[in-house]
Structures are given as C-alpha cells and as structure tokens.
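# Coordinate analysis (summary)
What follows is the residue order along each chain.
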Amino acid sequence: MRIENMEIPDVLLITPQVHGDHRGYFMEIYNQQLLKEQGFTANFVQDNMSSSVKGTLRGLHYQLDPHAQGKLVRVIRGSVFDVAVDIRQSSPTYGKWVGAELSEDNKQALYVPPGFAHGFYVLSNIAEFMYKCTDLYAPQAERGIIWNDPEINIHWPLLDENVIISDKDKNLPLLKNTENNFK
C-alpha cells in the first residue's frame, strides 16, 4: 500500500497494490500491521456501508468528542468526490478542505481523522461506499455543517441544480454556527 498525505497532512490517501490477471484481481484493503509500520495508528470498531444514486450529496458530518470518529472510506462500486474539512479550532488548516475522487477503478481509500467533517458527492449512476470507523455511532454526538458553506467554499465537481440532499443535511448550520469541541 502507498500512503500519501493530502494538502492537510492528517488526511491520508491510501492506494492499494492491485494484483490482476485474466481472472480478475486481488488486493489487500486493510492490513493493521503494515499501516502501523507506516505511522497509521487508527483502531477501527465499526464498519458501515451506504448506497447512493447519482447526484446525491451526503454531509458534512462529524461526531463530537468523546465520540469523534476517524473514518477510512472507500468506494466499491461507482465513484464519488469525497471531502474532509478540518474543524479542529487550533489547527493552522481550520476551515480548509481536501477532496479526492474515490472509485471502483482507482480503488483508493481516504482516511478522515477525528476532528474533521466528512461528506461526499456521487458522480456515477450509483455508488456503494464503505466506512471503517474508529468510534461507534453516537446519535447524541452527531453534528454537521451545511455542504455549501461559503467560508469553506468546497469546489464540488459536476454539481448541478438537481443535487439530491436529505432534509436533515439541507438544514445544517454554517461552520461558524456549529457546535464543535475540537481544540
């Protein structure tokens, strides 16, 4: 596996080594020992999966401490534009975002650490998305930021007026108005 720091160094892009031939392919998508040797220390306790149709935007979501979640995310079918927003108040990259296209073709994964809001936009007709999380889902700690906050200014690719967003996500607050206990 190749692990690369994104423009915000704590967000990691992970590219697996794919072994393929006429039968198909094999790849290792998670190896705790190998990742630990490369400085990756997350401990995962919950796996999630979602399926979304083209034009769906999910996010920007996070959980407050002490239930903050780091997420290792990947697409197993289709493609998405995946985003991580730094919401650690003392961070030099507070309010900044990084994004990457994750797809079944590039087989890459993104590690979004605790202290970041996360969201994605579906580029393909359908996308199946998997998450490994470092903490369990805690509904009382769930928070979010509106996807189009002008202060964050995410450049969502191929976004059109027909974007599909849940009522809950449409009503999330701006970053400056959200509850955040990440110092």
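Every chain begins its residue count from 1, and numbering advances along the sequence as written. Restriction of local features to residues with pLDDT of at least 70 applies here, the model being predicted, together with a cutoff of 80 or more for giving and counting side-chain atom pairs; totals for whole chains, interfaces and linings are based on all residues. The side-chain figures draw on all heavy atoms in the structure; neither hydrogens nor water molecules are used.

## Looking at the packing of aromatic side chains
Centre distance and the angle of the planes are the two values used to describe a pair of aromatic rings. Quick note on the threshold: Note on aromatic pairs: the rings of Phe, Tyr and Trp (six-membered ring only in Trp) are paired at centre separations within 6.5 Å, and the planes decide the class, stacked below 30 degrees, edge-to-face beyond 60, tilted for the rest. In this text, helices come from DSSP runs of H or I with a minimum length of four residues, and strands from runs of E with a minimum of two, each type numbered from the N-terminal end. Classification of residues uses two cut-offs on accessible area relative to the type maximum, computed with a 1.4 Å probe and protein chains only: under 20% is buried, over 50% is exposed, and between them is partly exposed. Sitting over a ring, as applied to charges here, requires NZ of Lys or CZ of Arg to be within 6 Å of the ring centre and within 35 degrees of the ring normal.
As enumerated under the stated definition, the model contains nine aromatic pairs in all. Where phenylalanine 81 meets tryptophan 97, the ring centres are 6.3 Å apart and the plane angle is 75 degrees; that geometry is what we call edge-to-face. Here phenylalanine 81, found in strand S8 (residues 79-86), pairs with tryptophan 97, found in strand S9 (residues 97-103); they are 16 residues apart in sequence, far enough to count as distant. With a centroid separation of 4.9 Å and 75 degrees between ring planes, the pair formed by phenylalanine 129 and tyrosine 131 is classed as edge-to-face. Residue phenylalanine 129 shares its accessibility class with tyrosine 131, and that shared class is buried. Joined through ring pairs, the aromatic side chains of Tyr30, Phe40, Phe44 and Tyr111 make up one cluster. Above the ring of tyrosine 30, the side-chain terminus of lysine 132 is found at 5.3 Å from the ring centroid.

## Focus: the sheet that holds strand S5 (residues 46-53)
Spelled out, the test is: In this analysis, strands are considered paired if DSSP registers two or more bridges between them. Between N-to-C directions, angles cover 0 to 180 degrees, with each direction set by a line fitted to C-alpha atoms, over the stretch in contact for helices.
On the basis of which strands lie adjacent, the open sheet formed by six strands has the order S1-S2-S10-S7-S12-S5 and antiparallel pairing. Each edge of the open sheet is held by one strand with a lone partner, namely strand S1 (2-5) and S5. Going from strand to strand, the sheet's axes swing by 25 degrees on average, the running direction of each strand aside. Bridge count for strand S2 (residues 12-15) against strand S10 (residues 109-112) is three bridges, and the pairing is antiparallel. Bridging from a neighbouring strand, leucine 13 pairs with leucine 110 of S10.

## Some words on the pairing of S2
Residues Leu12 and Ile14 line one face of S2 and the alternating positions Leu13 and Thr15 line the opposite face, and both faces are buried. Relative to S2, S1 is paired through four bridges, and the arrangement is antiparallel. What sits directly across from asparagine 5, in S2, is leucine 12.

## Observations concerning the nonpolar core
Looking at soluble globular proteins, one finds that nonpolar side chains tend to be buried together. So the rule is basically this: Put simply, buried Ala, Val, Leu, Ile, Met, Phe, Trp, Tyr and Cys residues joined by side-chain atoms within 4.5 Å make one nonpolar core.
Within the largest apolar cluster, 25 residues are counted, with the highest numbers of intra-cluster contacts made by Leu60, Val85, Ile87, Ile145 and Trp156. Mapped by element, the contributors of at least two residues to this core are strand S6 (57-63), S8 and strand S11 (116-122). Judged by nonpolar contacts, the second largest core, of 20 residues, contains Met6, Ala100, Ala127 and Tyr131.

## Topic: the sheet that holds S6
The five strands are arranged S9-S8-S11-S6-S13 in an open sheet whose pairing can be described as antiparallel. Looking at which strands have only one partner, the edges of the open sheet turn out to be S9 and strand S13 (142-144). Each strand axis lies, on average, 25 degrees off the axis of its neighbour in the sheet, ignoring direction. Two strands pair when backbone bridges link them, and S6 and S11 are joined in this way by four bridges, in the antiparallel orientation. Bridge assignment links leucine 57 to a residue of S11, and that residue is tyrosine 121.

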